[in-house]
Amino acid sequence: MLTTAHPAHEATASGGLSPGVRRITLDAAGIPLSALLSEPADGRPPRATVVALHGGGMGAGYFDGQAHPDVSLLTLGARLGCAVLALDRPGYGASAPYLLAGQSLLEQAATVRAALADAQARHVPSGPLFLLAHSFGGKLALALAADAPPDTYLGLDISGCGHRPAVSAALLGRGARTGLRRLNWGPLQLYPDGTFSEIGAVVAPMPEQEIASAQEWGTLSRRLLPRVRVPVRFTFAEHEAWWRQSDADLADLAEQFSAAPRVLVDRLSAAGHNISLGCAARAYHLRALAFLDECLDAGARSAPR
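Now for a description of the structure that goes with this document. Everything quoted here is computed from the prediction, not taken from an experiment. Along each chain, residue indices are assigned from 1 in the same order as the chain's sequence is written. Residue-level local features of this predicted model are given only where pLDDT is at least 70; pairs of side-chain atoms are given and counted only at 80 or more, and the full residue set underlies all totals for whole chains, interfaces and linings. Remark: hydrogens and water are excluded; side-chain values derive from all non-hydrogen atoms of the structure.

**So, unusual backbone geometry**
Look at S135: it is not a glycine, yet its phi comes out positive at around 55°. Here a helix means four or more residues in a row that DSSP labels H or I, a strand means two or more in a row labelled E, and each is numbered from the N terminus. Looking at the element boundaries, S135 is found in the loop between β5 (129-134) and α3 (136-145).

Below, the structure written as structure tokens:
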């Protein structure tokens, strides 16, 4: 079991990346998008490519947490035979100087589509991609999948994102970030020792246009969710505070996906909003990658013989 974090007793920051993880830059129609990439160490072609999309105020390093070896999605995915590509979304990382105010959700979808085309041309195999996304990244994954051509995506695995907010998204625009700690993290003991000394390499300012898009999610979700035509899995942390998650709320969420062949909704105990940095990260990532296996199996069964 991972050791939990206490703000008064944290490990020394190690910085850097996990073994086998490297930095790359993608060309998104003239906009540079930075990313982290991991691949199977045995040299065999990856059996699938996972595209990881971080939430607001974070970066690609969210999926390569350094506080404990078991936290990183990038290393776990590579060990299980996948390529994992974690993007710095538009307005973060290398693109930040080019997009000072960021981009709206739909603009981000267009930019990321271009970046993924470049990634498949130069770094990862062609073929359907599996989107694993957190918080605002989950909204982006849904925007990417809505009306996507057949066989673009294997499926979507989303955490920290719903359709009925428990608090106003206007809170994102407040200058005092300390007031958002409970919403963004939940109980601090749910995170490994060293999480909050490492976090400076992961967090980033949330761009203005992204904040505006977050406040429009109620309208956008009603347009996008019924147009998703691939399997979708949602995970809600026990201490998720941004989204309503009663049984009725989650049943209504699943009903919005009228075109999706399969919709799963899961709960994760002993976890806060930032699941992939917490002590429950490995459990969540294993479940998400198991869902990827299910999507691969379903695709193999439906392929022409």
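Okay, back to it.
**Overview of the nonpolar core**
For this analysis, a nonpolar core means a set of buried residues of the types Ala, Val, Leu, Ile, Met, Phe, Trp, Tyr and Cys, connected via side-chain atoms within 4.5 Å. Note on classification: 1.4 Å probe, protein chains only; a residue is buried when its accessible area is under 20% of the maximum for its type, exposed when over 50%, partly exposed between these limits. Ranked by internal contacts, the top residues of the largest apolar core, which has 60 residues, are L85, L87, L142, L156, W217 and F257. In terms of residues, this core owes the most to one element, α3, which gives 7 residues.

**Quick notes on the pairing of β5**
Judged by how many residues are buried, β5 sits mostly within the fold: 6 of 6 residues are covered. Side chains of β5 alternate between two faces, with L129, L131 and A133 and F130, L132 and H134 buried alike. One requirement defines pairing of two strands: DSSP has to find at least two bridges between them. Bridge count for strand β3 (residues 49-53) against β5 is 5 bridges, and the pairing is parallel. Counted as the bridge partner of A52 is L132 from β5. Relative to strand β6 (residues 153-159), β5 runs parallel, the two being bridged by 6 bridges. Following the sheet pairing, L129 is matched in β6 by Y153. With α3 bridging β5 and the parallel β6, this β-α-β connection has right-handed handedness. Note on handedness: a clockwise path from strand one over the helix to strand two, with the strands aimed away from the viewer, defines a right-handed crossover.

**Comments concerning the pairing of strand β8 (residues 263-268)**
Within a regular beta strand, the side chains point alternately toward one face of the sheet and then the other, so they alternate between its two faces. For strand β7 (residues 232-237) and β8, the ladder comprises 6 bridges, and the chain directions are parallel. Paired with V232 across the strands is V263, a residue of β8. Where the polypeptide runs from β7 across helix α8 (residues 247-255) and back to β8, its parallel neighbour, the crossover connection is right-handed.

**Section: α3**
By the criterion of burial, α3 is predominantly enclosed, with 10 of the 10 residues buried. Turning to α3, its buried residues are F136, G137, G138, K139, L140, A141, L142, A143, L144 and A145. Just downstream of α3 lies D147, where phi reads positive at about 65°.

**A closer look at the sheet that holds β8**
Taken in spatial order, the 8 strands line up as β1-β2-β4-β3-β5-β6-β7-β8 in an open sheet, and their pairing is mixed. The sheet is open, and its two edges are formed by β1 (21-28) and β8, each paired on a single side. Averaged over all adjacent pairs, the angle separating strand axes in this sheet is 20°, with direction ignored. Relative to the sheet, α3 contacts β3, β5, β6 and β7, its axis offset from that of β5 by approximately 150°. Should any heavy atoms of two residues lie within 4.5 Å, those residues are considered in contact. Lines fitted to the C-alpha atoms define the axes, with helices restricted to the stretch that makes contact. Angles between their N-to-C directions range from 0 to 180 degrees. Along the sheet, α8 contacts β7 and β8; its crossing angle with β8, the most-contacted strand, is approximately 150°.

**Concerning the pattern of salt bridges**
The working definition used for a salt bridge is a side-chain nitrogen of Lys or Arg within 4 Å of a carboxyl oxygen of Asp or Glu. Under the definition given, this model contains 14 salt bridges. Across the salt bridge formed by D293 and R47, the nearest N and O atoms sit 2.5 Å from each other. Taken together, the residues D293 in helix α9 (residues 281-302) and R47 in the loop between β2 (31-38) and β3 connect sequence positions 246 residues apart. Among the ionic pairs, D157 bridges to R233, the shortest N-O distance being 2.8 Å. Note that D157 is positioned in strand β6 and R233 in strand β7, a separation of 76 residues in sequence. Residues D157 and R233 agree in their burial class; the two are buried. Linked through salt bridges whose partners overlap, the residues forming this network are D157, R233, D266 and R287.

**Comments concerning the environment of C279**
Along the polypeptide, C279 turns up in the loop between β8 and α9. The exposure class assigned to C279 is buried, which follows from its relative accessible area of 16%. C-alpha of C279 to C-alpha of L190: the two residues are 89 residues apart in sequence and 5.8 Å apart in space.

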